[in-house]
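Chain and residue survey
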Amino acid sequence: MDYPYLNNVRLTIPMKYAPVRNYINGEFVEAATSETLDVISPVDGALLATVPLSTSHDLDQAVKAAKKAFATWSRTPIKERVQVFFRYKALLEKNLDELARLVQEENGKTFVEAVAEIEKGSELSEFACSLPQLVTGEVLEVSKGVECRTEHVPLGVVASIVPFNFPSMVPNWTIPNAIALGNCMIIKPSEKVPLSVGRLAELLQEAGLPPGVFNVVHGTNEVVEAICDHPDIEAVSFVGSTKVAKLVYQRATSNFKRCLALGGAKNHLIVLPDAIPAMTAQNITASMSGCAGQRCMAASAMVAVGPVDHIIEQLCEEVLKVVPGQNLGAVINRESKERIERYITEAEGLGAKVLVDGRQATVEGKENGTYVGPTVIDYVTPDMAVAREEIFGPVISIMRTRTVDEALAIENANPYGNAAAVFTQNGGMARYVIDRASAGMVGVNVGVPVPREPFSFGGWNESRFGAGDITGKSSIEFWTKLRKSTTKWNPEAGINWMS
Ligand code: NAD
């Protein structure tokens with residue numbers, strides 16, 4: 001098969017899916033543009049669909065619909081609003097296989113990983129269903145007949161801009177909480193993986209969400225910029241690379257919007273000589289190769305402290321069990337594959353030793369897929385690009401140090417701060433690292449320390465701009481504002497009237 005993924009020229013090959021459309025006011029509608037991009041499957045290079053490059057006009061239509069819906073939705077009691085998410089959760093579970101196949105097709109991850117992504121969406125909805133128990137306000141009689149009371153009030157129309165690496169889960173970081181808390185949302189999916197969100201829109205509608213409460217506007221920069229500028233959008237959440245997170249944060253906040261922008265990552269795993277070799281090797285392998293290394297929580301740098309060659313040997317054995325096309329998915333596109341391979345080649349040229357080499361990976365029958373094999377690079381130095389930059393591929397760069405403090409200095413010097421982990425059997429040493437790693441999420445003998453609900457997800461430093469976290473209890477502060485009311489009633493008035 002010769003699919004046109006290299007030059008964006010449409011051949012005579014039919015697309016698997018109909019052209020993607022925006023979803024506004026409960027209907028799938030054409031964008032006000034004929035400009036489109038191709039949606040190519042990383043699995044085999046097949047042309048899946050086209051996605052419209054929507055304009056600020058399309059966004060404005062969505063904002064108008066959301067604003068109209070907000071009047072009723074925000075006044076619907078939260079206990080009623082969350083009923084939609086009980087049903088949505090059940091629909092995610094009912095349609096698990098189909099949703100996972102779609103994620104797999106457009107993103108390239110394995111089916112098992114895609115299933116986990118949908119299941120996480122179900123867990124996120126479960127959290128949203130518990131919001132009525134968490135958002136009760138406070139009330140206190142502060143002096144005779146005078147009460148102070150707080151309430152979490154929805155913001156209005158809010159926007160969510162999402163990346164390619166979790167086509168379904170990252171949208172579900174924001175959709176259930178923001179909407180259950182009474183907001184109306186516009187989401188801008190990644191143009192590389194626009195199909196899953198359209199399916200989520202259908203499921204939300206089936207779950208009973210009224211028209212206009214959830215809207216999807218596809219596209220790229222123009223839509224994102226229009227979101228940051230639109231006067232009727234109150235809050236913007238962004239998940240993606242640090243470069244774009246900074247642009248979005250600056251632009252949205254300069255327009256006086258609330259913004260939480262999560263960026264890229266470079267996660268360090270510190271391995272001490274007393275770590276359990278098999279468990280450590282398995283954990284690091286899963287962390288660096290899961291989702292083909294395209295996770296903001298992926299292990300990307302390993303800092304080996306002291307004599308840990310026996311663990312590195314075992315790590316290489318584990319990594320060799322990871323096979324492209326079997327238990328390792330594709331990376332998103334050819335540009336990514338080439339970028340990742342360039343990083344490996346450059347490090348090798350600078351004297352690093354490639355212990356396991358994933359360059360030249362191909363999968364039989366899927367020659368147009370974009371696969372990179374798992375790669376272990378040893379004797380990396382902190383100044384090399386593979387040590388400093390986010391590679392976003394199944395590559396682990398090993399740096400050697402003599403002490404934990406040297407390892408922490410390397411971790412601390414990195415501008416990112418999403419996750420870090422330490423592998424050791426010494427509790428005191430683990431605590432020492434937890435206290436000193438400069439990362440929002442820290443693991444001990446856990447390679448991907450993603451906090452499960454109800455704990456919140458969010459990094460530090462250049463991995464997050466804005467206050468608070470995007471999921472869990474912390475997200476309540478982001479998606480609502482606090483109303484403080486003080487009331488005064490004559491406590492005797494009722495008695496007098498009655499008598
Ligand atoms: P990206 O920054 O390229 O794109 C994210 C979104 O921004 C997309 O919707 C895209 O259309 C839009 N966009 C891209 N360039 C833009 C520009 N110049 N102006 C305005 N909008 C623009 O990110 P990606 O490649 O889709 O995703 C991978 C990145 O996301 C990685 O860096 C990864 O670490 C990060 N990520 C972070 C987290 C986290 O929680 N911190 C979670 C998932 C992914």
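Model, not experiment: these values are computed from the prediction.

1. Observations regarding the overall build of the chain
In terms of helices and strands, the chain carries 17 helices and 20 strands. Its C-alpha atoms give the chain a radius of gyration of 24 Å, within 12% of the compact-globule value 23 Å for 499 residues. Seen through its C-alpha atoms, the chain measures out along the principal axes to roughly 90 × 65 × 40 Å. Burial statistics for the chain: of 499 residues in total, 52% are counted as buried. Within the chain, contacts between residues at least 6 apart in sequence are counted, and of these 73% link residues at least 24 apart.

2. A few points about the nonpolar core
Of all hydrophobic cores here, the largest spans 151 residues; its most connected members are A66, M185, I227, V236, V248, V271 and M302. At eight residues, helix α1 (residues 56–73) tops the list of elements feeding residues into this core.

3. So, the domain arrangement of the chain
Assigned domains of the chain: these are domain 1 (22–264 + 459–483) and domain 2 (267–444). Taking only C-alpha atoms into account, the centre of domain 1 sits 31 Å from that of domain 2. Tallied by class, the residues present in the side of domain 1 that touches domain 2 amount to five nonpolar, nine polar and six charged.

4. Here's the deal with the site of the ligand
The full set close to the ligand counts 27 residues, and P163, G240, S241, G264 and C296 are the nearest of them. Residues of the shell around the ligand, tallied by class, amount to 13 nonpolar, 11 polar and three charged. Summarising the domain contributions, the shell around the ligand has at least three residues from each of domain 1 (22–264 + 459–483) and domain 2 (267–444).

5. Considerations on the sheet that holds strand β15 (residues 375–378)
What holds strands together in a sheet is hydrogen bonding between their backbones, with the strands either parallel or antiparallel. As summarised here, the arrangement of the seven strands in space is β14-β15-β16-β13-β12-β17-β18, forming an open sheet in which the pairing is mixed. The open sheet is flanked by β14 (353–356) and β18 (441–444), the only strands paired with a single partner. Neighbouring strand axes in the sheet, compared pairwise and without regard to direction, differ in orientation by 20° on average. Bridge analysis of β14 against β15 gives three bridges, and the strand direction is antiparallel. Paired with K353 across the strands is D378, a residue of β15.

Basis of the calculations
- Residues numbered from 1 in each chain as written.
- Predicted model: local features only at pLDDT ≥ 70, side-chain atom pairs only at ≥ 80, totals over all residues.
- Helix = DSSP H or I, 4+ residues; strand = E, 2+ residues; numbered from the N terminus.
- Rg over C-alpha atoms; globule rule 2.2 N^0.38 Å.
- Buried ≥ 20, exposed ≤ 12 C-beta atoms within 10 Å, placed from the backbone.
- Contact = placed C-beta atoms within 7 Å.
- Core = buried A, V, L, I, M, F, W, Y, C linked by C-beta atoms within 7 Å.
- Domains from an automatic or database assignment.
- Nonpolar A, V, L, I, M, F, W, Y, C, P; charged D, E, K, R; others polar.
- Near = placed C-beta within 6 Å.
- Pairing = 2+ DSSP bridges.
- Axes fitted to C-alpha atoms, helices over the stretch in contact; angles between N-to-C directions.

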